[in-house]
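# Understanding the architecture of this molecule
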Amino acid sequence: AEPFVPISRALFQSLVQKYGGGPAIESMEVCAKCQNHLRAYNERKQAEFDLVSKYDTKDTGDGKHWYLVDVVWVNKWKGYIKTDAVMDIRDMMQPGPVSNARLCDRKSGQVRSGLKLRIDYIGVNARVWWLFRHFHGGGPLICRE
């Protein structure tokens, strides 16, 4: 079913008179402000993908450590980054802040033992970690050599 059904101006006016409401929707086109938001969202998403792809490596890169990222958040990020260009503002969905809380003990705050690579977390180099934090915020920072 369509979310909007065009009606005549006379029917609109009688509905407003009887039930209240308004204003009338004059056009079903996406407004210029929304078009700008959609364009910026899609460009940012593409730039983020390009930067992470450029700096993601099989080693620690320029640093000496791996930065652990919860695989649940990484899967949300992949879903966000791999979607086609968004054409409707209601479809704009970022993954939210990086959330590594699941990897830590709630009482001590220390990294839980027994975590498994690719099941609980992935390791990224310093540049990719910085990009994730720059674009999405969150944490906490978990480092391993």
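Scroll up a little and you will see the structure.
Each value, and the rule that gives it
- Residues numbered from 1 in each chain as written.
- Predicted model: local features only at pLDDT ≥ 70, side-chain atom pairs only at ≥ 80, totals over all residues.
- Heavy atoms only, no water.
- Helix = DSSP H or I, 4+ residues; strand = E, 2+ residues; numbered from the N terminus.
- Rg over C-alpha atoms; globule rule 2.2 N^0.38 Å.
- Buried < 20%, exposed > 50% of the residue type's maximum accessible area, 1.4 Å probe, protein only.
- Contact = heavy atoms within 4.5 Å.
- Areas by Shrake-Rupley, 256 points an atom, 1.4 Å probe, with all protein chains shown as cover.
- Lys, Arg positive; Asp, Glu negative; His and termini not counted.
- Charge placed at Lys NZ, Arg CZ, Asp CG, Glu CD.
- Pairing = 2+ DSSP bridges.
- Axes fitted to C-alpha atoms, helices over the stretch in contact; angles between N-to-C directions.
- Salt bridge = Lys/Arg side-chain N within 4 Å of Asp/Glu carboxyl O.
- Patch = residues over 30% accessible without salt bridge, like charges linked within 9 Å, V, L, I, M, F, W, Y side chains within 5 Å.
- Polar contact = N/O pair within 3.5 Å; in protein donor to acceptor, adjacent residues only side chain to side chain.
- Phe/Tyr/Trp six-rings, centres within 6.5 Å; stacked < 30°, edge-to-face > 60°.

## Let's talk about the overall build of the chain
Of regular secondary structure, the chain possesses four helices and five strands. A compact globule built from 145 residues should have a C-alpha radius of gyration of about 15 Å, whereas the chain, at 23 Å, is more than 25% larger. Along the longest, intermediate and shortest principal axes, the C-alpha atoms of the chain span 70 × 35 × 25 Å. Burial analysis of the chain (145 residues in total) assigns 26% to the buried set. Contacts in the chain between residues at least 24 apart in sequence constitute 76% of all its contacts with a sequence separation of at least 6. Counting only carbon and sulfur atoms, one obtains 55% of the accessible surface of the chain, whose full area is about 10,500 Å². Computed over 22 positive and 16 negative side-chain charges, the separation of the two mean positions in the chain equals 6 Å.

## Regarding the sheet that holds strand β1 (residues 66-70)
One key point about sheets: their strands pair by backbone hydrogen bonds, in either a parallel or an antiparallel sense. Taken together, the three strands give an open sheet; going across it, the order is β3-β1-β5, and neighbouring strands pair in antiparallel fashion. If you trace the sheet from one side to the other, it starts and ends with β3 (121-124) and β5 (143-144), each paired once. Sheet analysis places β1 next to β5, joined by two bridges and oriented antiparallel. Across the sheet, residue Y67 finds its bridge partner in β5, namely C143. Contacting β1 and β3, helix α3 (residues 71-82) crosses the sheet at an angle of about 80 degrees to β1.

## Topic: the environment of H37
Among the secondary structure elements, H37 is positioned in helix α2 (residues 32-55). Taking C-alpha positions, H37 is 9.6 Å from M92, a pair spaced 55 residues apart along the chain. Every residue in contact with H37, bar those within four places of it in the chain, is listed here: I89 and M92.

## Some words on the side chain of K45
By the secondary structure assignment, K45 is in helix α2. Lacking a salt bridge, the buried K45 has D84 as its closest oppositely charged neighbour, with an N-O distance of 7.3 Å.

## A short note on a nonpolar patch on the surface
A grouping of V5, I7, L11, L15 and Y19 is seen on the molecular surface, where their side chains present a nonpolar patch of about 500 Å² in accessible area. The class of Y19 is exposed, set by a relative accessible area of 61%.

## Details of the side chain of N42
As for its position among the elements, N42 is in helix α2. The buried category is assigned to N42, whose relative accessible area is 18%. Separated by 2.8 Å, the side chain of N42 and the backbone nitrogen of V86 make a polar contact. With residues near it in sequence (within four places) discarded, N42 still touches A85 and V86.

## Overview of the packing of aromatic side chains
All chains considered together, the criterion is met by four aromatic pairs. Taken together, a centroid distance of 6.2 Å and an interplanar angle of 10 degrees make the contact between Y67 and W129 stacked. With Y67 in strand β1 and W129 in helix α4 (residues 126-136), the pair connects residues that are 62 residues apart, well separated along the chain. Each of the two residues, Y67 as well as W129, counts as buried. Centroid distance W77 to F132: 5.1 Å. Interplanar angle 65 degrees. Geometry classified as edge-to-face. You can see W77 sitting in helix α3 and its partner F132 sitting in helix α4, a full 55 residues away along the chain.

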